[in-house]
Amino acid sequence: MARTTAPGSSPRKSAAKKAAVTSKVAASFTAEEQAAMKARARELKAEARASRSSAEGEADLLARVDEMPAAERDVARRIHALVMAAAPGLQPRTWYGMPAWAKDGKVLCFFQSAGKFKTRYATFGFSDQAKLDEGGLWPTAFAIHRFGDAEAAALASLVRKAAG
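These numbers come from a predicted model, not from an experiment. (Residues numbered from 1 in each chain as written. Predicted model: local features only at pLDDT ≥ 70, side-chain atom pairs only at ≥ 80, totals over all residues. Heavy atoms only, no water.)

Draft legend 1. A look at the overall build of the protein chain. In terms of regular secondary structure, the protein chain is built from six helices and five strands. Evaluated residue by residue, the protein chain yields a buried proportion of 31% over its 164 residues. Long-range pairs, those at least 24 residues apart, make up 44% of the contacts in the protein chain with a sequence separation of at least 6. Carbon and sulfur atoms make up 58% of the accessible area of the protein chain, which amounts to about 10400 Å² in all. (Helix = DSSP H or I, 4+ residues; strand = E, 2+ residues; numbered from the N terminus. Buried < 20%, exposed > 50% of the residue type's maximum accessible area, 1.4 Å probe, protein only. Contact = heavy atoms within 4.5 Å. Areas by Shrake-Rupley, 256 points an atom, 1.4 Å probe, with all protein chains shown as cover.)

Draft legend 2. Broad picture of helix H4 (residues 70–86). Over its 17 residues, H4 runs 24 Å from end to end, which matches the ideal 24 Å to within 8%, given 1.5 Å per residue. Regarding H4, the residues found buried are Glu72, Ala76, Ile79, His80, Leu82, Val83 and Ala86. (Expected span 1.5 Å × (residues − 1).)

Draft legend 3. Broad picture of the environment of Lys118. With respect to the helices and strands, Lys118 occurs in the loop between helix H5 (114–117) and strand E4 (122–126). Given the relative accessible area of 62%, Lys118 is considered exposed. Spatially, the C-alpha atom of Lys118 lies 8.6 Å from that of Glu32, the residues being 86 residues apart in sequence.

Draft legend 4. Main features of the sheet that holds E4. Taking strand neighbours across the sheet as the criterion, the five strands line up as E1-E2-E3-E4-E5 in an open arrangement whose pairing is antiparallel. Edge positions in the sheet fall to strand E1 (91–95) and strand E5 (141–144), since each of these pairs with one other strand and no more. Within this sheet the neighbouring strands show an average axis-to-axis angle of 25°, counted without direction. In this fold helix H3 (residues 54–66) packs onto E1 and strand E2 (98–103), with an angle of close to 50° to the strand it touches most, E1. (Pairing = 2+ DSSP bridges. Axes fitted to C-alpha atoms, helices over the stretch in contact; angles between N-to-C directions.)

Draft legend 5. Molecular detail of the pairing of E1. Bridging between E1 and E2 involves five bridges; their strand directions are antiparallel. Opposite Gln91, over in E2, you have Ala102 as the bridge partner. Connecting E1 to the next strand, E2, in antiparallel fashion are two residues, including Tyr96 with a positive phi near 55°.

Draft legend 6. Summary view of the pattern of salt bridges. According to the stated counting rule, one finds five salt bridges in the structure shown. In this structure, Arg77 and Asp66 form a salt bridge, with 2.7 Å as the shortest nitrogen-oxygen distance. Of this pair, Arg77 sits in helix H4 while Asp66 sits in helix H3, placing them eleven residues apart in sequence. For Arg77, a relative accessible area of 39% puts it in the partly exposed group. For Asp66, a relative accessible area of 44% puts it in the partly exposed group. (Salt bridge = Lys/Arg side-chain N within 4 Å of Asp/Glu carboxyl O.)

Structure follows, in structure tokens:
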């Protein structure tokens, strides 16, 4: 017969210890961080069930964009259109509940809403999959305070470079 608890301890004590550890960990993350982790867990389960089509990923991405405050929603929609035009081979999806674009199944770049995490500004970031390496130091995330034509052109260039 297999033992499910440590010698000398009861199953009730093990469950209590596990609950205490879970409670400590949960207390160290904000509600927004916990929601992002839960969203990521749902995303991983969906990916495990079947490879997601581009249409499914885009529907998820746009649903998350629709949940954003109006100003960020407009920027996120512009960025989505820009990324898809600059690198049409990328697959739209969500990552930790935020809009993201993947290459070969791995997230390449993502948009993070300021409203969701109560930060001063939204960000657009690149993962380590992005081919942005230049010298010994290069940026991987950009604050978005306003998103005009000059910023859009700069971001499109970075996305094209990152997608390789």
